[in-house]
Amino acid sequence: MTLSHKLLFRANRALIDHLQPIEPALLAFERQWIETLTARTQTPEQPATLSQWRRMFDALIAQDTAHEPPSARYVAEAMTRDEFKVLVQAFALDGLTEAQVFYHLMPRLSLEAQMPMVRMLLDEFGCGNLKRSHTTLYKALLSELGMPTDLPSHIEATNEAGCAFANLFCWLAMRADDPSWFAGMITYFETVVPTAFGCYTALCQRLGIQAHAYYSEHVHIDVFHALEGQRLLKAMDNSGALDCRKAWQGVCLGRAVIDEAFEQAVQDARAGSPGQEVAHAG
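Q: Explain the side chain of His5 to me, please; I cannot follow it from the model alone.
A: Topologically, His5 is positioned in helix 1 (residues 5-18). We classify His5 as buried; its relative accessible area is 7%. In this structure His5 touches Phe29, Trp33, Glu160, Cys163, Ala164 and Asn167, once residues within four positions along its chain are discounted.

Q: Just to check I follow, could you spell out helix 12 (residues 198-207) for this structure?
A: Each full turn of the α-helix corresponds to 3.6 residues, which orients residues three or four apart in the same direction. All of the buried residues along helix 12 are Cys199, Tyr200, Leu203 and Cys204. Considered in projection along helix 12, the buried side chains sweep an arc of 135 degrees and stay on one side of the axis. Among the structural elements, helix 4 (70-77), helix 5 (81-90), helix 11 (179-196), helix 13 (213-238) and helix 14 (244-271) are those in contact with the buried residues of helix 12. Gly208 occupies a position one or two residues after helix 12 and carries a positive phi of about 70 degrees.

Q: Help me understand the pattern of salt bridges, please; the structure alone is not making it clear to me.
A: Pairing of side chains with opposite charge becomes possible as their charged atoms draw close. By the definition in use, this model includes 11 salt bridges. Linking Arg231 and Glu228 is a salt bridge whose minimum nitrogen-to-oxygen distance equals 3.4 Å. In this pair, Arg231 and Glu228 are both assigned in helix 13, 3 residues apart and thus about one turn of the helix distant. Connected through salt bridges with shared partners, the residues Arg119, Glu228 and Arg231 form a single ionic network.

Q: How should the side chain of Gln46 be read in this particular structure?
A: Take Gln46: it is sitting in the loop between helix 2 (24-41) and helix 3 (50-66). Overall, Gln46 belongs to the buried group, its relative accessible area being 19%. In this structure the side chain of Gln46 is engaged in a polar contact, spanning 2.9 Å, whose partner is the side chain of Gln42. A distance of 2.9 Å separates the side chain of Gln46 from the backbone oxygen of Thr43, its partner in a polar contact. With sequence-adjacent residues up to four places away left out, Gln46 is seen in contact with Met56, Arg245, Trp248 and Gln249.

Q: Whenever I open this one, unusual backbone geometry confuses me. Can you help?
A: In terms of backbone geometry, most residues other than glycine have negative phi values and most peptide bonds are trans. Of note in this structure, Ala99 is not a glycine but carries a positive phi near 70 degrees. Counting through the fold element by element, Ala99 comes out in the loop between helix 6 (92-95) and helix 7 (111-124). With a relative accessible area of 6%, Ala99 lands in the buried category. For Cys127, which is not glycine, the phi torsion reads 55 degrees and is therefore positive.

Q: Even after reading the chapter, I still don't get the packing of aromatic side chains, so can you show me in this structure?
A: By convention here, two paired aromatic rings are described through the distance between centres and the angle between planes. Per the stated rule, a full pass over the model turns up 18 aromatic pairs. With 6.4 Å between their ring centres and 90 degrees between their planes, Trp53 and Trp248 make a pair best called edge-to-face. Residue Trp53 is found in helix 3, and its partner Trp248 is found in helix 14; the two are separated by 195 residues along the sequence. Owing to a relative accessible area of 0%, Trp53 belongs among the buried residues under this scheme. Among the residues examined, Trp248 registers a relative accessible area of 4% and is labelled buried. Grouping aromatic residues by their ring pairs yields a cluster made of Phe84, Tyr138, Phe197, Tyr200, Tyr214, Tyr215 and Phe262.

Q: Is there a simple way to think about the environment of Phe224 in this case?
A: Note that Phe224 resides in helix 13. A sequence separation of 34 residues divides Phe224 from Glu190, and the C-alpha atoms of the two residues are 8.4 Å apart.

Q: Hey, could you run me through the layout of surface pockets in this one?
A: The rolling of a water-molecule-sized probe over the atoms marks out the regions of remaining empty space. Looking at the largest pocket, its volume works out to about 920 Å³. Surrounding the largest pocket, 46 residues form its lining, Phe189, Val192, Ala196, Phe197 and Ile258 being those nearest its centre. The element that contributes the greatest number of residues to the lining of the largest pocket is helix 11, accounting for 8 residues. Counted by class, the lining of the largest pocket contains 28 nonpolar, 8 polar and 10 charged residues.

Q: Which parts of the structure should I look at to understand the nonpolar core?
A: Where a protein is soluble and globular, its nonpolar side chains tend to be buried together. Phe84, Leu87, Phe91 and Tyr215 are the most contacted members of the largest nonpolar core, which has 91 residues in total. Residue contributions to this core peak at 14 residues, all from helix 14. Non-local contacts of Tyr215, meaning those with residues more than four positions away in its chain, are made with Phe84, Val88, Tyr138, Leu141, Phe197, Tyr200, Thr201 and Cys204. Counting 5 residues, the second-largest nonpolar core is a separate cluster that includes Leu8, Ile22, Leu26 and Phe29.

Q: Got a minute to help me understand the state of the cysteines in this structure?
A: What is meant by a disulfide is a covalent connection between two cysteines, made through their sulfur atoms. Scanning the model with the defined rule gives 0 disulfides in all. Unpaired in this structure, Cys163 has its nearest cysteine sulfur neighbour in Cys170, at a distance of 11 Å.

Q: Where do I start with a nonpolar patch on the surface in this structure?
A: The grouping of Leu111, Met115, Val118 and Leu122 at the surface amounts to a nonpolar patch, some 360 Å² of accessible area in total. Positionally, Leu111 belongs in helix 7. Taking relative accessible area as the criterion, Leu111 reaches 63% and is therefore assigned exposed.

The rules behind these values
Residues numbered from 1 in each chain as written. Predicted model: local features only at pLDDT ≥ 70, side-chain atom pairs only at ≥ 80, totals over all residues. Heavy atoms only, no water. Helix = DSSP H or I, 4+ residues; strand = E, 2+ residues; numbered from the N terminus. Buried < 20%, exposed > 50% of the residue type's maximum accessible area, 1.4 Å probe, protein only. Contact = heavy atoms within 4.5 Å. Arc of directions from axis to C-beta. Salt bridge = Lys/Arg side-chain N within 4 Å of Asp/Glu carboxyl O. Polar contact = N/O pair within 3.5 Å; in protein donor to acceptor, adjacent residues only side chain to side chain. Phe/Tyr/Trp six-rings, centres within 6.5 Å; stacked < 30°, edge-to-face > 60°. 1 Å grid on protein atoms, 1.4 Å probe; cavity = no way out; pocket = protein on both sides within 12 Å on 5 of 7 lines; lining within 4 Å. Points joined across faces, edges and corners; volume = space filled by probe spheres on them. Nonpolar A, V, L, I, M, F, W, Y, C, P; charged D, E, K, R; others polar. Core = buried A, V, L, I, M, F, W, Y, C linked by side-chain atoms within 4.5 Å. Disulfide = S-S within 2.5 Å. Patch = residues over 30% accessible without salt bridge, like charges linked within 9 Å, V, L, I, M, F, W, Y side chains within 5 Å. Areas by Shrake-Rupley, 256 points an atom, 1.4 Å probe, with all protein chains shown as cover.

See below:
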């Protein structure tokens, strides 16, 4: 058996859905992946306090949002409908399970730190309105594009970078040795999405995609989620639970995995990836 992120994702789902333990070989695969990624993304400077973390974080966000990468510009200005299907498919594992794994983090947080997470979760699940939950919005997008909305179809079609993106959330919420990793990563993710998703909303407007709410909703709501991420960090710091170094490493891990997944998806779309096979399934 060749170990892969696709197998790891299936194992993560089996654990969540059926409480089926993950095989030691896959856990070792995951551990090696995280250790290698952490070593590769490590920065020379490491924050010792939350104020230092915020200074480094603000500088990184300013750097990441200063210029639109060519891949994002291509999505906004030139990507075709068929290419867009490949891009949508590449992130379907996350879209179809969005925020479900966050529940595993909650018992590991203090009551104060749980409050920002509860507010984020409420939004992720449409404030209790099934029609507004983010997964429902993603299914609407898949349906408009003539793509299947079941998870198994997309597990089979998703490339390794897309599987790794979904697996990172599982590791952060379920197996990281400290919630600080998650707190850093989620704060980074929610902070960059309103800018990063601009290429998606521009594409939807250009191609007349009606089910654009998945992207336009994130552009709106993640501005507030970024603030909740900062509140999460502050609450953890108040109780002495925040490891600023691990929170920073969470930022660096997330940044690398997000960038790799997006760049690979755009590359696959432009190359006419085999992933298009599922895009044309009914």
